[in-house]
Amino acid sequence: MTGLRKTVALVGMMGAGKTAVGKVLATRLGVPFLDSDQEIEKAADRSIAEIFTRDGEAFFRARETEVIGRLLDTERGILSTGGGAFLSEINRATIAEKGIAVWLKADLDLLWSRVKHKNTRPLLRTANPYETLRELVAARTPSYEMAGIVVESEPGLSIEAMADKVIDALKAHGGILEDNQ
């Protein structure tokens, strides 16, 4: 692989593999790995959970939109976005204009198996986190369906195999990979 013509923004639910798959993709394609949540944490000097607690979700979403816009303007690479980023019409339009959105689609049970033991998910700090996750999946799916490319995950699929599926989808789409093989 010889790089990208435009940034590939990975979108999807928490636990879909945006960070893990994104890092493998970036390495394979020889491009930077960008993580909007990490950039927000770096700028705020606090965790996403702390930002949610101290400043609220609306404040976080505004910073997220700023960071995604900046990364799309200044970098070309694999961009892992937060699970809620693609719900924003502004973010969807910015990604569509300056890159391509790839939805890492995973079903509820697969997502739950990946997030149930983590305490780093502020939106799942509820009395019934499984039900909360189910509601989030239902609410967010219509937005994720607007992504330019959809890549289906499945139980037992390794991170490397999922990265292969994304590369195959990018090749099939055309115009994204520089060598376009």
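Residues numbered from 1 in each chain as written. Predicted model: local features only at pLDDT ≥ 70, side-chain atom pairs only at ≥ 80, totals over all residues. Heavy atoms only, no water.

**Student:** Please clarify how the sheet that holds strand S4 (residues 99-105) should be interpreted in this entry.
**Tutor:** The strands making up a sheet associate through hydrogen bonds between their backbones, and the pairing can be parallel or antiparallel. Taking strand neighbours across the sheet as the criterion, the five strands line up as S2-S3-S1-S4-S5 in an open arrangement whose pairing is parallel. Two strands close off the open sheet at either side, each with one partner strand: strand S2 (33-35) and strand S5 (149-152). Sheet twist, expressed as the average angle between the axes of neighbouring strands with direction ignored, equals 25°. Bridge count between S2 and strand S3 (residues 78-80): three bridges; the pairing is parallel. Across the sheet, residue Leu34 finds its bridge partner in S3, namely Leu79. Packing of helix H2 (residues 36-44) onto the sheet brings it into contact with S2 and S3, and relative to S2 it is tilted by some 60°. (Pairing = 2+ DSSP bridges. Helix = DSSP H or I, 4+ residues; strand = E, 2+ residues; numbered from the N terminus. Axes fitted to C-alpha atoms, helices over the stretch in contact; angles between N-to-C directions. Contact = heavy atoms within 4.5 Å.)

**Student:** Just checking my understanding: could you explain the packing of aromatic side chains for this structure?
**Tutor:** Any two aromatic rings considered together are summarised by their centre-to-centre distance and by the angle between their planes. As enumerated under the stated definition, the model contains three aromatic pairs in all. Between Phe52 and Phe60 the ring centres are 5.1 Å apart and the planes differ by 45°, which places this aromatic pair in the tilted class. Measuring from ring centre to ring centre gives 5.4 Å for Trp112 and Tyr130, while their planes differ by 85°; the resulting arrangement is edge-to-face. With Trp112 in helix H6 (residues 108-115) and Tyr130 in helix H7 (residues 129-144), the pair connects residues that are 18 residues apart, well separated along the chain. A cation sits over an aromatic face here: Arg63 above Phe59, 4.5 Å from the ring centre. (Phe/Tyr/Trp six-rings, centres within 6.5 Å; stacked < 30°, edge-to-face > 60°. Lys NZ or Arg CZ within 6 Å of the ring centre and 35° of its normal.)

**Student:** I tried to follow the packing of H2 against helix H4 (residues 57-74) on my own but got confused; where do I start?
**Tutor:** Pairs of packed helices are described in terms of their axes, by the angle between the two and the distance that separates them. At a closest axis distance of 9 Å, the pairing of H2 and H4 adopts a crossing angle of 110°. Overall, the two elements H2 and H4 adopt an arrangement that is roughly perpendicular. Note that H2 runs across H4; the crossing there is right-handed. Residues Ser36, Asp37, Glu39 and Ile40 of H2 touch H4, and the partners they reach there are Phe60, Arg63, Glu64, Val67, Ile68, Arg70 and Leu71. (Parallel < 35°, antiparallel > 145°, perpendicular 65-115°, else oblique. Left-handed = near helix turned anticlockwise from the far one by under 90°.)

**Student:** Quick question: what am I supposed to make of the environment of Glu160 here?
**Tutor:** The topology assignment puts Glu160 in helix H8 (residues 159-173). For Glu160, a relative accessible area of 42% translates into the label partly exposed. Residues Glu160 and Leu25, 135 residues apart in the sequence, show an inter-C-alpha distance of 8.4 Å. Residues within four places of Glu160 in sequence aside, it is in contact with Val24 and Arg28. (Buried < 20%, exposed > 50% of the residue type's maximum accessible area, 1.4 Å probe, protein only.)

**Student:** Looking at this structure, how should I read the layout of surface pockets?
**Tutor:** Leftover empty space is mapped by rolling, across the atoms, a probe with the size of a water molecule. Its boundaries defined by the atoms lining it, the largest pocket holds a volume of some 650 Å³. Surrounding the largest pocket, 31 residues form its lining, Met14, Asp37, Gly83, Thr120 and Arg121 being those nearest its centre. For the lining of the largest pocket, the secondary-structure elements that each account for two or more residues are helix H1 (18-29), H2, helix H3 (48-55) and H4. Element by element, the count of residues in the lining of the largest pocket is highest for H2, at four residues. Class assignment for the residues of the lining of the largest pocket results in nine nonpolar, 12 polar and 10 charged. (1 Å grid on protein atoms, 1.4 Å probe; cavity = no way out; pocket = protein on both sides within 12 Å on 5 of 7 lines; lining within 4 Å. Points joined across faces, edges and corners; volume = space filled by probe spheres on them. Nonpolar A, V, L, I, M, F, W, Y, C, P; charged D, E, K, R; others polar.)

**Student:** For this particular structure, what's the right way to read the pattern of salt bridges?
**Tutor:** Side-chain pairs of opposite charge can arise whenever the charged atoms involved come near each other. Across all of its chains, the model carries 12 salt bridges by this definition. For the salt bridge of Lys42 with Glu39, the shortest nitrogen-to-oxygen distance reads 3.4 Å. A residue pair is termed a helical-turn pair when its members lie 3 or 4 positions apart in one helix, as Lys42 and Glu39 do in helix H2 at three residues. We classify Glu39 as buried; its relative accessible area is 17%. Linking Glu178 and Arg76 is a salt bridge whose minimum nitrogen-to-oxygen distance equals 3.8 Å. Residue Glu178 is located in the segment after H8, and its partner Arg76 is located in the loop between H4 and S3; the two are separated by 102 residues in the primary sequence. The class for Arg76 is partly exposed, based on a relative accessible area of 45%. Shared partners join several salt bridges into a network, and the residues in it are Glu39, Lys42 and Arg70. (Salt bridge = Lys/Arg side-chain N within 4 Å of Asp/Glu carboxyl O.)

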